[in-house]
Structures are given as C-alpha cells and as structure tokens.
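An overview of the molecular structure
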Amino acid sequence: MNAGHGRGEIAEAMAKQAARLSYVSAVQYTTEPAAHLAHKLAEITPGDLSRTYFCSGGSEAVETAMKIAKQVQAMRGFPRRYKIIARRGSYHGMTHGAMSLTAAREEKFFGPFMYGVSYAPPPDQYRSPFELEGEASDIMAAKFVEQEIISQGPETVAAVIGEPISSAAGVHVPSPKYWQMLRKICDRHGVLLIADEVINGFGRTGTMFATEQFGFVPDIMTIAKGLTSGYMPMGAAIVGPKVFEVFESQPDVPMGHLLTFGGHPVAAAAALRNLEIFEDEDLVSRGAEMGVYLKERLEELRNHPSVGDVRGVGLLQAIEVVKNKETKTPFDKNDTFCKVLGQKVLEKGLITRTWNIVHFAPPLVVTRDEIDRMVLTVDESLTEVEKEFASDIEG
Ligand SMILES: Cc1ncc(COP(=O)(O)O)c(C=O)c1O
C-alpha cells in the first residue's frame, strides 16, 4: 500500500473509468488509461526500459518475463536457451512457473517443476557462505552466478532472475558491484537479466526502483504491488529496445501470451492516479526520508540479546533474530521463539511478517510517530519473548 490506505481519489478515478469503459478485449485492443500508463512507465523506469506488457499481479509478471526471455532467445536463433537461473532463498510467486523459480517450492505437492531452473547463492554479507567480509562476499556471489551459467552451458541459458534486494531471502542489501557484475556476466554470455521489482519498486527502497541504486538496467523488469498501491490487482513486465526490437523485426511472430485482464482499464486508471499522488506528494523522497528514520530507530534494537542484525534500505527494513549473536546461530523460521514473537507483535497491533526475520515495510506516507510505535511494539515484544524463552538465547 505504498501511497497509503483510504485514498478516495484513487477510488474515484476507478469509478469514473468503470462508468466510461469497464473493459475491452486485450487480444486486439488497448484503452486510453493502459496506453497512458505504458507511457508513464516508460518515463519513470530506469534506462531504456520502455515497452510494457500488462498483467494482473506479480506472479503473472514473472511468468510474462520468463516467456518473453524464452521466446526472444528462440527468435534470435537460440531455441535451446530455455534455462533460468534464480538465487537461493528467492521468491517470485506462486503460479507454477514463478513457483519453479521460488526457492521454497514444495516438491512434495507440486513437483516436478518447470524444467531447467537452477539456483546460485544469494548475496549475504551478514552470514557470508564464502566466509568473506562485506563487498568481497557479494563479488563472490556474482562469480557463482557466472559459474552456474558456465556449468549449465551458456548456450542453454535464457535468463537470470533476481530481486535487486530480496525480501524473502532476508533483505540483504548487496553492494552495487554485485548487480553491475551480473549485468556484465549476462551480457558476456548472451543471457537476459530480469530484475523482479514486484516488492522493491515504487519507492519502497528509497528510489522509484531499486535498480537505480545499483547502477544497472535489466533487460526485463517485473512490477506489481506498488503500481496501484494495492488498490487494484495489476502487474507488468517491461522491456528495453534490445528485447522489443526482436519482436518488431519479426512482425508475423506474435508473442505467445495472452491474459484477458492484462491492462484492465480500471486497474490502469487506479495506477495512473496512484502515480499522480506519488508526484504530487513527492512520495519517493518522503519514503526515503522516513526510511532513514526507521533504520535509525531499528538500530536501537541491536541492544537486544536476540537481535543479530538490522538491515535494509528505505522503507524495506528487517531485523534478524538469532540464538547467539557471537556465532550468528540462526533461529529456524518456525522456531517457537519466532512464532511467539510474531503473535505478540500482532496482538500489540503491528501487522508485519515475522519469522526469524521481522520485516518492516510500511506505506511511504508513514509518520515518525507511527514508526516510533512500530519500533516500540517490536521492542516490547522482544523483551517479553527473550524473558519467556531465555534458555533459547545463548551468549
Ligand atoms: C519479488 C516477488 N515477485 C513476485 C511476487 C508474486 O506476486 P503476486 O503475489 O502478486 O502474484 C511476489 C509476491 O510477494 C514477490 O515478492
């Protein structure tokens, strides 16, 4: 809900559009709001990203991005490039293809998954799997992506996908070098780079899109959530000319994709009004400022014996609770300590997502007082669980 709850002006824009033209088939036609929105997105997305395929949410955006990547590779003369490399710990949605890229996919219920998906280690400076400090760890993580491309065989890889800052993998903020390296690695091997900005986008990380902070432009970017601030289900995959020109040069070959409600005019009207609010209220700067304050306040929680790390950027922040701060021994996601912490936080009135990571992602209109309340709620809840489960905390 990036622009916040209760925005009557978005509701009004939706009602007006619904009364004027509620739907038209997406097979052959577009509508004014969808066309205006595509134009707006071309303006505000990084670099030369400029062509948008609309859909109805994040999972569909990821499906669309994957299909674009595969079809473009085939149309370029590389039909064997069908594999996708994701990162461990990642989340890209729950439709079958998107779930196939999602690390916590449940083989026992839904396997076998989409063929050709493999994983590289994600950036993690807190508990580096390579036992390296700071940026060196991220550089090694990027090298692992290249090794994965090489070991799969570059001639079989269509794309690499990742969230600039992965929420599901624990809100580790990589060094810009990581993404700049991935950009070069993908180019070197003819692999497309997909940035999943479904969570990161629309001011969540202090800039309109997180990619801006890392100094790279993906070939395909997926967006959803903040596009309408949650007022309507809508997502999109956006591509630059390098991808679009492939379709343009072969006009007889349509994209093998169709979503009845993609670019729905009422959703597009909601998105357009939402983005006007972003401009009128300078919400991205506001979110960035509040993000600095949230981070400052969260840092105080490090005094807790169970708080191992505080990390994030903008209004995408997290604390990680650990059994032992010295050794960084993690709590299992489903540990009772984490469950009870989650219950307490909710009982005290804070809606968040708590496992061994407590996530903080309030609307960009959040106030300092509300941030103070959020932090106090977690502070008090931590004190209570640390007392209740004192024997679980070592050191
Ligand atoms: C990074 C990312 N990609 C994709 C999705 C899937 O989006 P949706 O739930 O709208 O299908 C999510 C949802 O949380 C997400 O966080």
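This structure is a prediction, so every number in the text was calculated from the model and none was measured. What you see as residue numbers is a count from 1 along each chain, following the sequence as written. Totals for whole chains, interfaces and linings use all residues, but because this is a predicted model, local features are given only for residues with pLDDT of at least 70 and pairs of side-chain atoms are given and counted only at 80 or more. As a rule here, side-chain values come from all non-hydrogen atoms in the structure, and water together with hydrogens is ignored.

1. Side note on the domain arrangement of the chain
To keep things clear, this is the line we draw: Here the limits of each domain have been adopted from an automatic or database domain assignment. Two parts placed together each lose some accessible area under a 1.4 Å probe, and adding up what both lose gives the buried area. The working definition used for a salt bridge is a side-chain nitrogen of Lys or Arg within 4 Å of a carboxyl oxygen of Asp or Glu. Nitrogen and oxygen atoms within 3.5 Å of one another constitute a polar contact, given that in protein one can donate a hydrogen and the other can accept it, and given that sequence-neighbouring residues count only through two side-chain atoms.
You can read the domains of the chain as domain 1 (8-280) and domain 2 (283-388). Taking only C-alpha atoms into account, the centre of domain 1 sits 27 Å from that of domain 2. Taken over both partners, the interface formed by domain 1 and domain 2 buries close to 1900 Å², and the fraction arising from carbon and sulfur atoms is 60%. Interface area lost by domain 1 to domain 2 is led by Tyr126, Val171 and Arg204, which between them contribute 40%. Scanning the region where domain 1 abuts domain 2 turns up one salt bridge. Ionic pairing is found between Glu320 and Arg127, a salt bridge with its closest N-O pair at 2.6 Å. Put simply, domain 1 and domain 2 have 12 residue pairs in polar contact (both at pLDDT 80 or more) between them.

2. Some details on helix 11 (residues 283-299)
The following threshold applies: Strands here are runs of E lasting at least two residues and helices are runs of H or I lasting at least four, both read from the DSSP assignment and numbered beginning at the N terminus. To estimate how far a helix should reach, multiply one less than its number of residues by 1.5 Å. Categorising residues by exposure relies on relative accessible area from a 1.4 Å probe, with only protein chains included: less than 20% of the type maximum marks a residue as buried, more than 50% marks it as exposed, and the intermediate range marks it as partly exposed. When checking whether two residues touch, look at their non-hydrogen atoms; a contact exists if any pair is within 4.5 Å.
Given a rise of 1.5 Å per residue, 17 residues ought to cover 24 Å, and the 24 Å separating the end C-alpha atoms of helix 11 matches this to within 8%. Restricting attention to buried positions, one finds in helix 11 the residues Leu283, Val284, Gly287, Met290, Gly291, Tyr293, Leu294, Arg297 and Leu298. The secondary structure elements touched by the buried residues of helix 11 are helix 10 (265-280), strand 8 (307-313), strand 9 (316-324), strand 11 (357-360) and helix 13 (368-388).

3. Comments concerning the pairing of strand 6 (residues 220-223)
Heads up, the rule is: A pair of strands is treated as paired once DSSP finds two or more bridges between them.
Here strand 6 shows no split at all, with Ile220 and Thr222 on one side and Met221 and Ile223 on the other all buried. Relative to strand 6, strand 5 (residues 192-196) runs parallel, the two sharing three bridges. Within strand 6, the residue paired with Asp196 across the bridge is Thr222. For strand 6 and strand 7 (residues 235-239), the ladder comprises four bridges, and the chain directions are antiparallel. Of the residues in strand 7, the one forming a bridge with Met221 is Ile238.

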